[in-house]
Amino acid sequence: MTDKLYGGIEGGGTKFNCIVGNGPDNIVAEARFPTTTPAETLGQVCDFFAPYMSQIQGIGLGSFGPFDVDPSSPTYGYITTTPKPHWGNTHILGMLHEKLRVPIVADMDVVVAGLGEAKWGASKNNSHSLYLTIGTGIGGGYIVDGRPLRGLTSLEMGHIRIPHDRELDSFQGACPYHGDCFEGLAAGPSVEARLGQRGETLPDDHPFWDVEAGYISSALVNYILSLAPQKIVIGGGVMQKDFMFPTVRKKVQELLNNYINNEILLNKIDEYIVPPGLGGRSGMLGAIALIMDSGE
Ligand SMILES: [Zn+2]
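A brief look at the structure comes next. (Residues numbered from 1 in each chain as written. Predicted model: local features only at pLDDT ≥ 70, side-chain atom pairs only at ≥ 80, totals over all residues. Heavy atoms only, no water.)

### Things to note about the sheet that holds strand β5 (residues 104–108)
Note the following rule: Between any two strands, at least two bridges found by DSSP are needed for them to pair. Only DSSP runs of H or I reaching four residues or more are called helices, and only runs of E reaching two or more are called strands; each is numbered from the N terminus. Helix axes use the C-alpha atoms of the stretch in contact, all axes being lines fitted to C-alpha atoms, and the angles between their N-to-C directions lie in the range 0 to 180 degrees. In what follows, residue pairs with any heavy atoms lying within 4.5 Å of each other are defined as contacts.
Taking strand neighbours across the sheet as the criterion, the 5 strands line up as β3-β2-β1-β4-β5 in an open arrangement whose pairing is mixed. Among the strands making up the open sheet, the edge pair consists of β3 (26–34) and β5. Strand-to-strand twist across the sheet, computed as the mean angle between neighbouring axes with direction ignored, equals 15°. Sheet analysis places strand β1 (residues 5–11) next to strand β4 (residues 56–63), joined by 6 bridges and oriented parallel. Paired with Gly-8 across the strands is Gly-60, a residue of β4. On top of the sheet, helix α3 (residues 109–120) reaches β2 (15–23), β4 and β5; it is set at about 105° to β5, its chief contact.

### Thoughts on the pairing of β1
How we decide: With a 1.4 Å probe rolled over the protein chains alone, any residue whose accessible area is under 20% of its type maximum counts as buried; one over 50% counts as exposed, and the rest are partly exposed.
Among the 7 residues of β1, 6 are classified as buried, and the element is accordingly described as predominantly covered. Across 6 bridges, the pairing between β1 and β2 is antiparallel. Bridge pairing in β2 links Tyr-6 to Gly-21. Turn length for the β1-β2 hairpin, with the two strands adjacent in sequence and antiparallel, is 3 residues.

Honestly, that's just the spatial picture; any functional story needs more than this.
Next comes the structure, spelled out in structure tokens:
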């Protein structure tokens, strides 16, 4: 265990979570600030880190998006076209670097949470793991040997196409780009748009939950067949319902229909599709993992 300290920032659309430490067993300080304007929120973030800056080696940032993570792009480190007031075209990485003057490495929030789970959490013993969040939006990060998989662009796992039975669910979908993609059918806002109430207030025995679990299972089967993760970790509000994990696991097995002859998928699916091991700290600790393992 290193004695060096690092800073972690999980920049979300409603709050910024900040942490100082070098792992889940050594957290020196922690705070959260509401996401208001870039000047105000990032000012509070920098004030929080100030007393520790003589010890901090570098800072990791996981940001809400759309966030440009391509180092060769002229808008690298910018939040780009967000509809969130005040935050469009914001050079968040530059603003932080100007004040904090240490190496700062950044990636998308969901990717960073996946890094945290892969280093210290539910997928720490797996070289290939998938982290998925299902809440206000849906996103995923695929972590291979401690690094996020990226090709032409980052992965956009929330926007894949999944089967949509319009007799079972006549809702047209809420994604402004695709209508009934996975996020358009299954993220929090689509539940509210379809049923007129938020998922949190929907009774556990409401028939929609079975439809929702079906969408999640369809997406997971596509990821299993194309990426073969060794572990699937799912965070976000929708999976907080106790019955969702067992229901999703059962439906995944039904859809796979014993096609893949693998002991974990056939008999140990309870250990395969799991909640985060770091609880609400996956993103913050993942930001520390990002900078610790960046080589900066
Ligand atoms: Zn979409």
